[in-house]
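Structural features, examined
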Amino acid sequence: MRNFARWHIWLGWLVGLPLLMWTVTGLVMVWKPIDEVRGTHLRAEMPALDTGDLVMPRTNGPIQSLSLQSLPDGPGWIVVEEGGARFRYSPTTGRLYNPVLEGDARAIAEAAYAGDAALETVTYFPADSAPTDLRTPVNSWQAHFADDTNLYIHSQTGELLAVRSGWWRIFDFMWGLHIMDLETREDTSHPVLIAFAMLGVLGSLLGIALLFRRRKARVKA
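Since the structure is predicted, the reported quantities are computational estimates derived from the model, not experimental observations.

This part covers the packing of aromatic side chains. For the structure shown, the criterion picks out two aromatic pairs. It is lysine 32 that lies over the ring of tryptophan 167; its NZ or CZ is 4.6 Å from the centre.

Another point: the side chain of glutamate 159. Tracing the chain through its elements places glutamate 159 in the loop between strand 6 (150–154) and strand 7 (160–164). At 2.9 Å, the side chain of glutamate 159 forms a polar contact with the side chain of arginine 86. Here the side chain of glutamate 159 touches threonine 157 through a polar contact of 2.8 Å, side chain to side chain.

Our focus in this paragraph is helix 4 (residues 166–178). The end-to-end C-alpha separation of helix 4 is 19 Å, in line with the 18 Å expected for 13 residues at 1.5 Å each. Of the residues making up helix 4, those classed as buried are Trp168, Phe171, Asp172, Met174 and Gly176. Two residues or fewer past helix 4, methionine 180 is found with a positive phi of approximately 55°.

Here we take up the pattern of salt bridges. Pairing between side chains of opposite charge can happen when the charged atoms of each approach one another. Across all of its chains, the model carries eight salt bridges by this definition. Notably, a salt bridge pairs lysine 32 with glutamate 36, separated by 3.7 Å at the nearest N-O pair. Between aspartate 172 and arginine 135 there is a salt bridge, and its shortest N-O distance comes to 2.4 Å. Here aspartate 172 is found in helix 4, whereas its partner arginine 135 is found in the loop between strand 4 (119–125) and strand 5 (140–145), with 37 residues between them in sequence.

Definitions and limits used
- Residues numbered from 1 in each chain as written.
- Predicted model: local features only at pLDDT ≥ 70, side-chain atom pairs only at ≥ 80, totals over all residues.
- Heavy atoms only, no water.
- Phe/Tyr/Trp six-rings, centres within 6.5 Å; stacked < 30°, edge-to-face > 60°.
- Lys NZ or Arg CZ within 6 Å of the ring centre and 35° of its normal.
- Helix = DSSP H or I, 4+ residues; strand = E, 2+ residues; numbered from the N terminus.
- Polar contact = N/O pair within 3.5 Å; in protein donor to acceptor, adjacent residues only side chain to side chain.
- Expected span 1.5 Å × (residues − 1).
- Buried < 20%, exposed > 50% of the residue type's maximum accessible area, 1.4 Å probe, protein only.
- Salt bridge = Lys/Arg side-chain N within 4 Å of Asp/Glu carboxyl O.

And the structure:
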């Protein structure tokens, strides 16, 4: 039992900081409802689709998927070709839409945003330099609003890719600390995290064993 106590103390020093970090980051992440973190309240509701007089898109070659979507600037066929490329076609003429320009991105952002803040900037980001909070390597427009909300718009289809509020970025940073991966914030199974988690479990088991030992000794006394 003395060895158990000694190991428990040393494990406490070793895993105390990670345990505190997991508790604090977990508390921050549950502070607000997940829908608010995801910015659901900042997304404008899209109108219902009128399925009359639909014209199928005129595509070249095989496709992986075809879907009719209600988008901030109107309905459209979203076609995913072999290889993952996405394109938008008119539901009434079947023609291919042109890529989204800056003025189009501004109009889409204002139509998609349900908040009260003013639109400040619209910035284009190529796929190889996509912002960290987008998480998707695609060509996109970032619409930044005065309340620190970013809307990301697909530069080819006009789809709303993501809504990132200031609280979402706090949540994302805490998530990175929680899984001990501040670089990509996606790796939930790596040796450092697993090792500290196992040490934390071992320290807890030793503490439980010592607790029962002390209760037994107290009863005997």
